[in-house]
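Given next are the chains, with one letter for each unit.
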Amino acid sequence: MSNRTFTMIKPDAVRNGHIGNILQMINAAGFKIIALKYTQLSTPQAEKFYEVHSERGFFGELTQFMSSGPIVAAILEKENAVADFRTLIGATDPAKADEGTIRKAYATSIGENAVHGSDSDENAAIEGNFFFSGLERF
Ligand code: CMP
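Here's what I pulled together on the structure shown here. None of the values given here were measured: they were computed from a predicted structure. Note that residues are indexed from 1 along each chain, following the sequence as it is written. Two thresholds apply to this predicted model, a pLDDT of at least 70 for residue-level local features and 80 or more for giving and counting side-chain atom pairs, whereas whole-chain, interface and lining totals are computed over all residues. Hydrogen atoms and water are omitted, and side-chain values are computed over all heavy atoms in the structure.

All right, on to the overall build of the protein then. The way it works is that DSSP assigns letters per residue, a run of H or I at least four long becomes a helix, a run of E at least two long becomes a strand, and they are numbered from the N terminus. Secondary structure summary: the protein contains 7 helices and 4 strands in total. Going from the N terminus to the C terminus, the protein shows its helices and strands as β-α-α-β-α-α-β-α-α-β-α. When we talk radius of gyration, it's over C-alpha atoms, and the globule rule is simply 2.2 Å times the number of residues to the 0.38. The globule rule puts the C-alpha radius of gyration for 138 residues at 14 Å, and the 14 Å found for the protein is close to it. Each principal axis of the C-alpha distribution contributes one length, and for the protein these read about 35 × 35 × 25 Å. Computed with the Shrake-Rupley method and a 1.4 Å probe, the accessible areas treat only the protein chains shown as cover for residues. A total accessible area of about 7100 Å² is found for the protein, and carbon and sulfur atoms account for 50% of it. Side chains of the protein carry 13 positive and 17 negative charges; the gap between the two charge centres is 3 Å. When charges are counted, Lys and Arg are positive and Asp and Glu negative, with His and the chain ends excluded. Charge positions are represented by NZ for Lys, CZ for Arg, CG for Asp and CD for Glu.

Have a look at this one:
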């Protein structure tokens, strides 16, 4: 069990003005921000980030959406970070997300679902390394 996970605040939540509220929920749940970046993915970068989903029918929609505007990327630290963060963000489909979760509050659909959270310790490390150098972590 690792104590770090990786997140993005997705273009829908950024466009809708929810960066501050989502960072507040992340802090209130006990996560420490280790690295933070406001940036925009190109479509090829989004295709690389999500390459594990390249055979899925929604891959084009996903990568177009994720490169459609700026995102906030972050590495977060907490005991049991990956599992606890997935609890905080709620189900991928906001219609199935529990009350009190970030997706229940801010996601609009399964594709435009406000936040990303790593699904394993291994992917948390890969995804964090995609966005951040060692000099950008504190
Ligand atoms: P995320 O956790 O960022 O990782 C993969 C993403 O694929 C997921 O969030 C969803 O936003 C997206 N996704 C999953 N299923 C669908 C779907 N049926 N249609 C569109 N996007 C999807």
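Anyway, onward from the coordinates.
Salt bridge, as used here, is a side-chain nitrogen of Lys or Arg placed within 4 Å of a carboxyl oxygen of Asp or Glu. Applying the stated criterion across every chain, the model contains 5 salt bridges. Residue lysine 104 pairs with glutamate 99 through a salt bridge whose shortest N-O separation is 3.8 Å. Working definition: with a 1.4 Å probe on protein chains only, accessible area under 20% of the residue-type maximum means buried, over 50% means exposed, and in between means partly exposed. Judged by relative accessible area, lysine 104 falls into the partly exposed class, the value being 37%. Given the relative accessible area of 68%, glutamate 99 is considered exposed.

Next up on the list: helix α7 (residues 121-131). Of the positions making up α7, those classed as buried are Ala124, Glu127, Gly128 and Phe131. Looking straight down α7, one finds that the buried residues subtend no more than 100° of arc, so they occupy a single side. Residues of α7 that are exposed and angled more than 90 degrees away from the buried face: Glu122 and Asn129. Between two residues, a contact is recorded if the distance between any of their heavy atoms is within 4.5 Å. Buried residues along α7 sit in contact with β1 (4-9), β2 (32-39), α3 (43-49), β3 (71-77), α5 (81-89) and β4 (115-117). Each direction from the helix axis to a C-beta atom contributes to the arc, which is the arc of those directions.

In the region of the ligand, the neighbouring residues are Lys10, Tyr50, His53, Phe58, Glu61, Leu62, Thr92, Arg103, Ile110, Gly111, Asn113 and His116. Distance and chemistry together define a polar contact, namely a pair of N or O atoms within 3.5 Å, with one atom able to donate a hydrogen and the other to accept it when in protein, and with adjacent residues in sequence counting only for side-chain atoms on both sides. At 2.8 Å from an oxygen atom of the ligand is found a side-chain nitrogen or oxygen belonging to lysine 10. Here an oxygen atom of the ligand and a side-chain polar atom of tyrosine 50 are 2.7 Å apart. When the ligand is considered free in solution it has 460 Å² of accessible area, and contact with the protein chains removes 81% of it. Residue composition of the shell around the ligand, by class: 4 nonpolar, 5 polar and 3 charged. When at least one non-hydrogen atom of a residue lies within 4 Å of a molecule or strand, that residue is treated as near it. Residues are grouped as follows: Ala, Val, Leu, Ile, Met, Phe, Trp, Tyr, Cys and Pro are nonpolar; Asp, Glu, Lys and Arg are charged; every other residue, Gly included, is polar.

Next up on the list: the side chain of serine 118. The topology assignment puts serine 118 in the loop between β4 and α7. Judged by relative accessible area, serine 118 falls into the buried class, the value being 0%. At 2.7 Å, the side chain of serine 118 forms a polar contact with the side chain of glutamate 127. Dropping the residues within four chain positions of it, serine 118 is found in contact with Thr5, Phe6, Val82, Arg86, Asn123, Ala124 and Glu127.

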